[in-house]
Amino acid sequence: YNEYKSYLRHMATKSPDASSATSPLSPEQEQQWREKGYAIVPNLLESDIVKGTTEKMAEIFKDDLGRDFGSFGRCEFPTNSIIDKIILHPNIIEAVSQLLRTPHVVLTQSEGWSKAGHEYEGSQENKDQRFHMDYGNNTWLHPTPWHEPENVAMIVYLADTEETEGGTAVCPREGDDDELYQPPYINMPGQAGHWEFYNDRAHAEAYFERVDPEVAAFRRKLYEREIIPTYKPGDVLFYRYDIWHRGTPVKVGQRRSVINLAFTKRECFWHLTWNRAWTQGNYYGDNERTVIGLSPRQRAVIGIPEPGHPYWNATKIRNFAARYPGIDVTPYMEMLKEQ
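Residues numbered from 1 in each chain as written. Predicted model: local features only at pLDDT ≥ 70, side-chain atom pairs only at ≥ 80, totals over all residues. Heavy atoms only, no water.

### A closer look at the overall build of the protein
Of the regular secondary structure elements, the protein holds 12 helices and seven strands. Its C-alpha atoms give the protein a radius of gyration of 21 Å, near enough to 20 Å, the size a compact globule of 339 residues would have. The dimensions of the protein, computed from C-alpha atoms along their principal axes, are 65 × 45 × 35 Å. By the burial criterion, 55% of the 339 residues in the protein qualify as buried. Across the protein, the fraction of contacts at a sequence separation of at least 24, relative to all contacts at a separation of at least 6, is 81%. Of the side-chain charges in the protein, 38 are positive and 49 negative, and the distance between the mean point of each set is 5 Å. (Helix = DSSP H or I, 4+ residues; strand = E, 2+ residues; numbered from the N terminus. Rg over C-alpha atoms; globule rule 2.2 N^0.38 Å. Buried < 20%, exposed > 50% of the residue type's maximum accessible area, 1.4 Å probe, protein only. Contact = heavy atoms within 4.5 Å. Lys, Arg positive; Asp, Glu negative; His and termini not counted. Charge placed at Lys NZ, Arg CZ, Asp CG, Glu CD.)

### Remarks on helix α2 (residues 27-36)
Given 3.6 residues to a turn, an α-helix orients residues that are three or four positions apart in the same direction. Turning to α2, its buried residues are Q29, E30, W33 and R34. The buried residues of α2 occupy one face: seen down the axis, they fall within an arc of 130°. Buried-residue contacts for α2 involve β1 (39-41), α5 (90-100), β3 (151-157) and β5 (236-239). (Arc of directions from axis to C-beta.)

### Topic: the sheet that holds β3
The five strands are arranged β1-β5-β3-β7-β2 in an open sheet whose pairing can be described as antiparallel. The sheet is open, and its two borders are formed by β1 and β2 (105-116), each paired with just one other strand. Across the sheet, the axes of successive neighbouring strands diverge by a mean angle of 20°, strand direction being ignored. Of the strand pairs in this sheet, β2 and strand β7 (residues 255-265) are connected by 11 bridges, and their pairing is antiparallel. Within β7, the residue paired with E111 across the bridge is N260. Each of β2 and β7 is contacted by helix α3 (residues 47-60), which is oriented at about 110° to β7, the strand it contacts most. (Pairing = 2+ DSSP bridges. Axes fitted to C-alpha atoms, helices over the stretch in contact; angles between N-to-C directions.)

### What about the pairing of β7?
Across the 11 residues of β7, 10 count as buried, placing the element largely inside the fold. Where β3 and β7 come together, seven bridges link them in antiparallel fashion. Bridged to N151 within β7 is T264.

### Thoughts on a nonpolar patch on the surface
Residues W140, L141 and L272 make up a contiguous nonpolar surface patch of roughly 390 Å² in combined accessible area. Topologically, W140 is positioned in the loop between β2 and β3. Judged by its relative accessible area of 78%, W140 is exposed. (Patch = residues over 30% accessible without salt bridge, like charges linked within 9 Å, V, L, I, M, F, W, Y side chains within 5 Å. Areas by Shrake-Rupley, 256 points an atom, 1.4 Å probe, with all protein chains shown as cover. Salt bridge = Lys/Arg side-chain N within 4 Å of Asp/Glu carboxyl O.)

### Structural notes on the pattern of salt bridges
The full count for this structure, using the stated rule, is 20 salt bridges. E55 is the salt-bridge partner of K51, the closest N and O atoms lying 2.6 Å from each other. Of the two residues, K51 and E55 both sit in helix α3, four residues apart, roughly one turn of that helix. Of the charged contacts in the structure, one is a salt bridge between E94 and R297, with a shortest N-O distance of 3.1 Å.

### Thoughts on the packing of helix α7 (residues 201-211) against helix α8 (residues 213-225)
A pair of packed helices can be characterised by two numbers: the angle between their axes and the separation between those axes. Where α7 contacts α8, the axes come no closer than 6 Å and their chain directions differ by 145°. The segment α7 lies against α8, with R201, E205, F208, E209 and V211 engaging P213, V215, A216, R219, R220 and Y223. Looking at the contact of α7 with α8 residue by residue, the class counts come to six nonpolar, no polar and five charged. (Nonpolar A, V, L, I, M, F, W, Y, C, P; charged D, E, K, R; others polar.)

### Let's talk about the packing of aromatic side chains
Evaluation of the coordinates by the stated rule reveals 15 aromatic pairs. Pairing F320 with Y332 gives two aromatic rings, centres 5.7 Å apart and planes at 70°, and the pair type is edge-to-face. Here the residue F320 occupies a position in helix α11 (residues 314-323), and Y332 occupies one in helix α12 (residues 330-338), the gap between them amounting to 12 residues. Both residues of the pair, F320 and Y332, belong to the buried class. Every member of this aromatic cluster is reached through a ring pair, and the members are Y311, W312, F320, Y324 and Y332. Lying over the aromatic face of F61, R74 brings its terminal NZ or CZ to 4.9 Å of the ring centre. (Phe/Tyr/Trp six-rings, centres within 6.5 Å; stacked < 30°, edge-to-face > 60°. Lys NZ or Arg CZ within 6 Å of the ring centre and 35° of its normal.)

### A look at the environment of F208
The topology assignment puts F208 in helix α7. Judged by its relative accessible area of 0%, F208 is buried. For the pair formed by F208 and F218, sequence separation is 10 residues and the distance between their alpha carbons is 10 Å. The residues touching F208, leaving out its near neighbours within four places in the chain, are M188, P189, W195, P213, V215, A216 and R219.

### Remarks on the nonpolar core
Among the nonpolar cores identified, the biggest contains 38 residues, and L88, I92, L107, M154, F238, I259 and L261 are the most heavily contacted of them. In terms of residue count, α5 provides more of this core than any other element does, six residues in total. If you look at the next biggest cluster of nonpolar residues, it comprises 26 residues, including W146, A153, L237 and W244. (Core = buried A, V, L, I, M, F, W, Y, C linked by side-chain atoms within 4.5 Å.)

Fair warning: the whole summary comes from geometry, so function is off the table for now.
Here you go:
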């Protein structure tokens, strides 16, 4: 509780350009995310959590072909399993707050994927993706200006891509004058109100060669500048909805498992929850036990107001405690006394 109060005071007074000794990301990692659009961060998660999550993912996906994105609900929060320890890991939440410069962030995407290497070809295959930005199916709006970020997306790697391949490729931004990062960002399938959507790289680029050679030329530059990092188990790729990136093929016979996450500033309601509502699986006890076991900080990112929020009064706190028998409401009550 005292640590939570100290954190709120720290974030309220922190200089926008400062990184404290307790910040999960180094100044260099934070700067790379701000300027290049991505940063790969190792050692953010405990090895036993990574190992346990990897084993759980193998169990979940043992009979899955692994061709399409996602888990069809099986890895969405709350999983009521060890996977939740990654989704709401304190270091991840604090890293998001560090990048967005606010303690008030909410979870908007939580998904797992065990992508399998295969020989299938098709216009909508995820095997070898086209370059794209993720804003397209996360908000109705266009991204804000580059230096005013509202979201943090990430991919938590559970595999060694030196063995599996399939690492996420990125096209780093190269300064404010970068020709590939001049808005509006519409040179991709499914945008501009009339471009047809193709997921597969070959089909997408052949389409643009036919219908708009200028866009095709723009997109060739993305591939010329792409980098495909090697990811190790536990590495976290922090990126943004407005960076060019794509999925690459996994080696046939291998699987590349990841957890995909996204967070946004609490006030940015125009960034929608990508999954079904976190509360859909309530009533059966597992979700309720998960909520009881979370810290106030973790509860805040899934939509439960933090201690000290104007929502709370004594009656609401008592009713909250009645709904979740055994929950520690002390932080909520103590902050109420201080108001």
